[in-house]
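Chain residues, written in single-letter form:
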Amino acid sequence: MFNVAIDGTTSSGKSTLAQNLSKVLGFKRLDTGAIYRGIACRFKRLRMRKVNDKNIAKLVKDISIIVSFKHGMQHVIVNGIDETDFLRSEEISLLTSEISPYKVVREKVLGIQRRFAAKYNCVMEGRDITTVVLPNADVKLFITASPEERARRRYLQFEGKKGAPTYEEVLKDLKMRDQRDSAREFGKLAIAEDAVVIDTTNKTLDDVTKICEEIVRSKMH
Ligand code: DC
């Protein structure tokens, strides 16, 4: 199978890029952040409060995660509940960044990701795909942009909505998540030696998609 691995900082545009790229290539796409988010939903459903070793062990012990696709959209089903509509709230975003560093959690997700890559030509996107999950991927991309630009993009998504944070709050939260993603022991965000780094600060999504498509096609031939 031909595997394109994409990692990158939060709000760098990697999810939309992965979506566009998978479309133009006719590949399947796996959003791995959504799987971690699904696990956080289960944590909440179990009414667990503290993220600690004991609760995480309990959480992972009898968890069942199924990733399926309906009309091309990825769904995450955890212990029989389709969590797809609940994955993107701020509460789940923050909870996920606390839960995802745990080794047992990462091990659970690892198998799902590797089986997917073995079965499909795919574009897989996350934080440790190029370094840990698919170290032999055919193409490795690392997507980033300046913190200010990423905060600006995220701020625009919230703008006009009730309880929307200020730009400064968004920037602060983003820097904290960058720090969490880069500082943890397992599956931390790092640039693989053989990854192509793409800074999207002054580029449109179309430009970035084209650049990445060319990189992939040149490898395929
Ligand atoms: O990409 P995202 O914002 O949906 O990711 C949600 C959280 O999951 C974020 O805190 C980082 C974490 N994550 C991870 O640890 N490893 C991945 N492969 C993907 C996401």
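Everything here concerns the structure above.
Residues numbered from 1 in each chain as written. Predicted model: local features only at pLDDT ≥ 70, side-chain atom pairs only at ≥ 80, totals over all residues. Heavy atoms only, no water.

Here we come to the packing of helix H1 (residues 14-25) against helix H9 (residues 205-220). Two elements in contact, H1 and H9, have axes whose closest approach is 10 Å; the angle formed by their N-to-C orientations is 50°. As far as their axial angle goes, H9 and H1 are oblique. Judged by the sense of rotation from one axis to the other, the crossing of H1 with H9 is right-handed. Touching Thr16, Leu17, Asn20, Leu21, Val24 and Leu25 of H1 are Leu205, Val208, Thr209, Cys212, Glu213, Val216, Arg217 and Met220, all from H9. Classifying every residue of the contact of H1 with H9 gives nine nonpolar, three polar and two charged. (Axes fitted to C-alpha atoms, helices over the stretch in contact; angles between N-to-C directions. Helix = DSSP H or I, 4+ residues; strand = E, 2+ residues; numbered from the N terminus. Parallel < 35°, antiparallel > 145°, perpendicular 65-115°, else oblique. Left-handed = near helix turned anticlockwise from the far one by under 90°. Contact = heavy atoms within 4.5 Å. Nonpolar A, V, L, I, M, F, W, Y, C, P; charged D, E, K, R; others polar.)

Strand order in the open sheet formed by three strands is S3-S4-S5, and the pairing between neighbours is antiparallel. The open sheet has two edge strands, strand S3 (65-70) and strand S5 (81-82), and neither has a second partner. By the bridge criterion, two bridges tie strand S4 (residues 73-78) to S5 in an arrangement that is antiparallel. In the strand pairing of S5, Val78 is matched with Ile81. Each of S3, S4 and S5 is contacted by helix H2 (residues 32-45), which is oriented at about 35° to S4, the strand it contacts most. (Pairing = 2+ DSSP bridges.)

We now examine the pairing of strand S7 (residues 139-144). Counting buried positions along S7 yields six of six residues, so the element is predominantly enclosed. The pairing of S7 with strand S8 (residues 196-199) spans four bridges and is classified as parallel. Residue Thr144 lies in a different strand from S8, and its bridge partner there is Asp199. (Buried < 20%, exposed > 50% of the residue type's maximum accessible area, 1.4 Å probe, protein only.)

What follows concerns the site of the ligand. Thr32, Arg37, Arg106, Arg127 and Arg184 are the nearest of the 16 residues found near the ligand. Take Arg127: an N or O atom from its side chain is 2.9 Å from an oxygen atom of the ligand. The fraction of the free accessible surface of the ligand (450 Å²) that becomes covered by protein chains is 96%. Only H2 and helix H4 (90-99) provide two or more residues apiece to the shell around the ligand. Take the shell around the ligand: its biggest share by element is four residues, from H2. Per-class residue counts for the shell around the ligand are two nonpolar, six polar and eight charged. (Near = heavy atom within 4 Å. Polar contact = N/O pair within 3.5 Å; in protein donor to acceptor, adjacent residues only side chain to side chain. Areas by Shrake-Rupley, 256 points an atom, 1.4 Å probe, with all protein chains shown as cover.)

Taking burial as the measure, the five residues of strand S6 (residues 122-126) include five buried ones, the bulk of the element. Burial of S6 is two-sided: the residues Cys122, Met124 and Gly126 facing one way and the residues Val123 and Glu125 facing the other way are all buried.

What follows concerns the pattern of salt bridges. Within this structure, the stated rule accounts for 16 salt bridges. Notably, a salt bridge pairs Arg127 with Asp181, separated by 2.9 Å at the nearest N-O pair. One end of the pair, Arg127, is in the loop between S6 and helix H6 (129-133); the other, Asp181, is in helix H8 (residues 167-183), and 54 residues separate them in sequence. A relative accessible area of 19% means that Arg127 is categorised as buried. In this structure, the salt-bridge partner of Asp178 is Arg150, at a minimum N-O distance of 2.7 Å. You can see Asp178 sitting in helix H8 and its partner Arg150 sitting in helix H7 (residues 147-158), a full 28 residues away along the chain. Given the relative accessible area of 2%, Arg150 is considered buried. Among the charged side chains, a network of salt bridges with common partners joins Arg29, Asp31, Arg88 and Glu125. (Salt bridge = Lys/Arg side-chain N within 4 Å of Asp/Glu carboxyl O.)

Although it is not a glycine, Ser11 sits at a positive phi angle of roughly 60°. Topologically, Ser11 is positioned in the loop between strand S1 (3-8) and H1. A positive phi angle is found at Asn79, which is not glycine, with a value near 45°. Within the fold, Asn79 resides in the loop between S4 and S5.

What follows deals with the sheet that holds S1. The strand order across the open sheet built from five strands is S2-S6-S1-S7-S8, with neighbouring strands paired in parallel fashion. What marks the edges here is a single partner per strand, and that holds for strand S2 (28-31) and S8. Sheet twist, expressed as the average angle between the axes of neighbouring strands with direction ignored, equals 20°. Pairing between S1 and S7: five bridges, direction parallel. Bridge assignment links Ile6 to a residue of S7, and that residue is Leu141.

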